[in-house]
Amino acid sequence: GLSAESYRRRHEISVTGDNVPSPFMSFEDTGFPSELLREVHNAGFSAPTPIQAQSWPIALQGRDIVAIAKTGSGKTLGYLVPGFMHLKRSRNNSQMGPTVLVLSPTRELATQIQDEAVKFGRSSRISCTCLYGGAPKGPQLRDLDRGADVVVATPGRLNDILEMRRVSLSQVSYLVLDEADRMLDMGFEPQIRKIVKEVPTRRQTLMYTATWPKEVRKIAADLLVNPVQVNIGKVDE
Ligand code: ADP
Ligand code: MG
């Protein structure tokens, strides 16, 4: 088979960090449970995308990650699948609050993430709730009350619900900031920082971004601990 080095070269993957594990070049390399591999097969996927191949083994080690990759590269499953594995190990009671929290800039993107989480998490009995603005709070609060392992949220709506004390983030141990550059462009930095204050510091944090400007580097430096950085292709600053 291909060596890790030649796979990375071929797919323009560069990594920064100590002892970065080799990419999972095929689904057989992942060791994922059979119910999950079945979903991936049913979706018609033939191999992990480069960002998945490289970020999965890092995330499964429990390490923080900054991943820089353009739109359409498969980042959603890049963080959701290790989140599912994390849930299997942690076995929290979802009534106490979510274990996995994904922050996303817009209602549209949050909904897409939720759809992917439902589709790929169903066979592993993972429950997921989506919180976003521009819609009544009632149904979202009722969904939360039923208990959710995974919450996908826009920062504004999650803050509103936190202020109402209708959700606790005290069980969150896997935090994802998706499209971090866009969230900062949209002015969500204060809300993100308020949310992260409610998440225990003993956690795994993953940040996904299409670009790597200094504002994103600053928040990464503040919220992540000794992250492994994974870049796919050329990095825009
Ligand atoms: P990004 O977040 O990087 O923009 P997405 O996670 O939205 O990308 O993925 C883009 C599309 O690729 C989605 O339709 C997703 O279902 C699909 N996809 C994800 N992983 C794979 C894979 N391993 N093989 C083929 N398609 C995939
Ligand atoms: Mg995405």
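Residues numbered from 1 in each chain as written. Chains lettered and ligands numbered in written order. Predicted model: local features only at pLDDT ≥ 70, side-chain atom pairs only at ≥ 80, totals over all residues. Heavy atoms only, no water.

Going by what an unreviewed UniProt entry lists, the protein is known as RNA helicase and is assigned to Escallonia herrerae.

A. Looking closely at the overall build of the protein. Looking only at helices and strands, the protein features ten helices and eight strands. Its C-alpha atoms give the protein a radius of gyration of 17 Å, near enough to 18 Å, the size a compact globule of 237 residues would have. The dimensions of the protein, computed from C-alpha atoms along their principal axes, are 55 × 40 × 30 Å. Counting the 237 residues in the protein, one finds 54% classified as buried. Surface exposure of the protein reaches about 11200 Å², of which carbon and sulfur atoms provide 47%. If the 30 positive side-chain charges of the protein are averaged to one point and the 26 negative ones to another, these points end up 4 Å apart. (Helix = DSSP H or I, 4+ residues; strand = E, 2+ residues; numbered from the N terminus. Rg over C-alpha atoms; globule rule 2.2 N^0.38 Å. Buried < 20%, exposed > 50% of the residue type's maximum accessible area, 1.4 Å probe, protein only. Areas by Shrake-Rupley, 256 points an atom, 1.4 Å probe, with all protein chains shown as cover. Lys, Arg positive; Asp, Glu negative; His and termini not counted. Charge placed at Lys NZ, Arg CZ, Asp CG, Glu CD.)

B. Just the site of ligand 1, in detail. In the vicinity of ligand 1 there are 14 residues, among which Ala47, Gln52, Gly72, Lys75 and Thr76 approach most closely. Take Gln52: an N or O atom from its side chain is 2.8 Å from a nitrogen atom of ligand 1. Gly74 places a main-chain nitrogen or oxygen 3.1 Å from an oxygen atom of ligand 1. Calculation on ligand 1 without its partners gives an accessible area of 570 Å², and the protein chains cover 70% of this total. Taken together, the residues of the shell around ligand 1 sort by class into four nonpolar, seven polar and three charged. (Near = heavy atom within 4 Å. Polar contact = N/O pair within 3.5 Å; in protein donor to acceptor, adjacent residues only side chain to side chain. Nonpolar A, V, L, I, M, F, W, Y, C, P; charged D, E, K, R; others polar.)

C. How the structure looks around the UniProt feature "short sequence motif: Q motif" (unreviewed entry) in the protein. In the numbering used here, UniProt assigns the feature "short sequence motif: Q motif" (unreviewed entry) to residues 25-53. Secondary structure within residues 25-53 divides into 45% helix and 0% strand; the distance between the first and last C-alpha atoms comes to 6 Å. (UniProt positions renumbered as here; feature names shortened; annotations may be inferred.)

D. Spotlight on the pattern of salt bridges. Under the counting rule described, the total for this entry stands at nine salt bridges. For the salt bridge of Lys214 with Glu215, the shortest nitrogen-to-oxygen distance reads 3.6 Å. Given a relative accessible area of 64%, Lys214 falls into the exposed group. For Lys218, the salt bridge goes to Asp222, with nearest N and O atoms at 2.8 Å. Residue Lys218 and its partner Asp222 are located together in helix α10 (residues 214-223), separated by four residues, close to a single helical turn. On the accessibility criterion, Lys218 (47% relative accessible area) is partly exposed. (Salt bridge = Lys/Arg side-chain N within 4 Å of Asp/Glu carboxyl O.)

E. Examining the nonpolar core more closely. Core analysis: the largest hydrophobic core is formed by 43 residues, its most contacted members being Tyr79, Phe84, Val152 and Leu206. If you tally residues by element for this core, the top one is helix α4 (residues 75-90), at seven residues. When residues no more than four places from it in sequence are discounted, the contact partners of Val152 are Val102, Ala110, Ile113, Gln114, Cys128, Thr129, Cys130 and Leu131. Judged by nonpolar contacts, the second largest core, of 33 residues, contains Leu101, Ile161, Val196 and Val199. (Core = buried A, V, L, I, M, F, W, Y, C linked by side-chain atoms within 4.5 Å. Contact = heavy atoms within 4.5 Å.)

F. Up close: the sheet that holds strand β2 (residues 65-68). Pairing is mixed across the open sheet formed by eight strands, whose spatial order is β1-β8-β2-β7-β6-β3-β5-β4. At either end of the open sheet lies a strand with only one pairing partner, and these are β1 (13-16) and β4 (128-131). For this sheet, the mean angle separating the axes of adjacent strands, direction not counted, is 15°. As paired strands, β4 and strand β5 (residues 150-153) are joined by four bridges and run parallel to one another. By the bridge assignment, Leu131 is partnered in β5 with Ala153. (Pairing = 2+ DSSP bridges. Axes fitted to C-alpha atoms, helices over the stretch in contact; angles between N-to-C directions.)

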